[in-house]
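# Inside the fold
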Amino acid sequence: MKSIITISRQYGSGGRYIAKKLAEKLGIPYYDNEIITMAAKESGYAENIFEKAEQISTHSLLYSLSMFGSAAGVYGLPLSDQVYIVQSDIIKKCADKGPCVIVGRCSDYVLRDYDNVIDFFISSDMENRIKRVVKYYNVPEEKAESTIEQKDKKRATYYNYYTSRRWGDIANYNMALNCDSVGVDAAVELLADYVNQYEATHK
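In what follows, the accompanying structure is described. (Residues numbered from 1 in each chain as written. Predicted model: local features only at pLDDT ≥ 70, side-chain atom pairs only at ≥ 80, totals over all residues. Heavy atoms only, no water.)

Helix and strand content of the chain: nine helices and five strands. Secondary structure elements of the chain, listed N to C terminal, follow the sequence β-α-β-α-α-α-α-β-α-β-α-α-β-α. Here the chain holds 203 residues, and the buried ones make up 47% of them. Counting contacts in the chain only where the partners sit at least 6 residues apart, residues at least 24 apart contribute 70% of the total. Carbon together with sulfur atoms contributes 50% to the accessible area of the chain, which is approximately 10600 Å² in total. (Helix = DSSP H or I, 4+ residues; strand = E, 2+ residues; numbered from the N terminus. Buried < 20%, exposed > 50% of the residue type's maximum accessible area, 1.4 Å probe, protein only. Contact = heavy atoms within 4.5 Å. Areas by Shrake-Rupley, 256 points an atom, 1.4 Å probe, with all protein chains shown as cover.)

As structure tokens, this is what we get:
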């Protein structure tokens, strides 16, 4: 059984890099910003709307879906809810194509009813996260910690609202890994070994 792998991560943890390298090592497709492009194409919304999804206010999805269902009908829903529905549909379509690595966007929850999904959560210590966001995202060092905290808070709020779960709760994942303990490259090897062992025992 080949697996669909979801990677959730703290901001600045190196999780996106780990996800991409894991996909390369396993020889399977990698979906991150590609989901935004596909969702924008399908919905007709601009890509920046999906890029800022975690910043859009949320307030009525569960009520709306309970009243109207998720089928045709995103008409009348708040923009944030429409974005979530379209994005979730794209994630499922990616998973239906076969084994892949999907980054963030509540993908672990969206694919919760799939039998062949492995969910990972990547964390890192604040000191190392600060170094990464300064180096790779050009965040001023004096603003790095506050930026990280804000990003994590938005991710948690978005995830908690749309999934009714708690972001970062290890009960939601097959494995939660602090990559500082082994290093980013070794983390890729560790996750790949987990996937191979999982698939060997779930044939």
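Next comes the rest of the write-up.
A separate point is the sheet that holds strand 3 (residues 100–103). Strand pairing in a sheet takes place through backbone hydrogen bonds and is either antiparallel or parallel in direction. Judged by pairing direction, the sheet is parallel, and its five strands sit side by side in the order 2-3-1-4-5 without closing on themselves. Each having just a single partner strand, strand 2 (30–31) and strand 5 (175–178) make up the two edges of the open sheet. (Pairing = 2+ DSSP bridges.)

Our focus in this paragraph is the packing of aromatic side chains. Geometrically, a pair of aromatic rings is defined through the distance of the ring centres and the angle of the planes. For the coordinates displayed, the defined rule picks out nine aromatic pairs. Ring geometry for F121 versus Y173: centroids 5.2 Å apart, planes at 45°, classification tilted. Of the two residues, F121 is situated in strand 4 (residues 117–123) and Y173 in the loop between helix 8 (141–163) and strand 5; the sequence distance between them amounts to 52 residues. For the pair shown, F121 and Y173 are each scored as buried. (Phe/Tyr/Trp six-rings, centres within 6.5 Å; stacked < 30°, edge-to-face > 60°.)

This part covers the environment of Q82. For Q82, the position within the fold is in helix 5 (residues 79–97). Taking the relative accessible area as the measure of exposure, Q82 reaches 13% and is therefore buried. Each C-alpha atom of the pair Q82 and S43 lies 9.1 Å from the other, and the pair is 39 residues apart in sequence.

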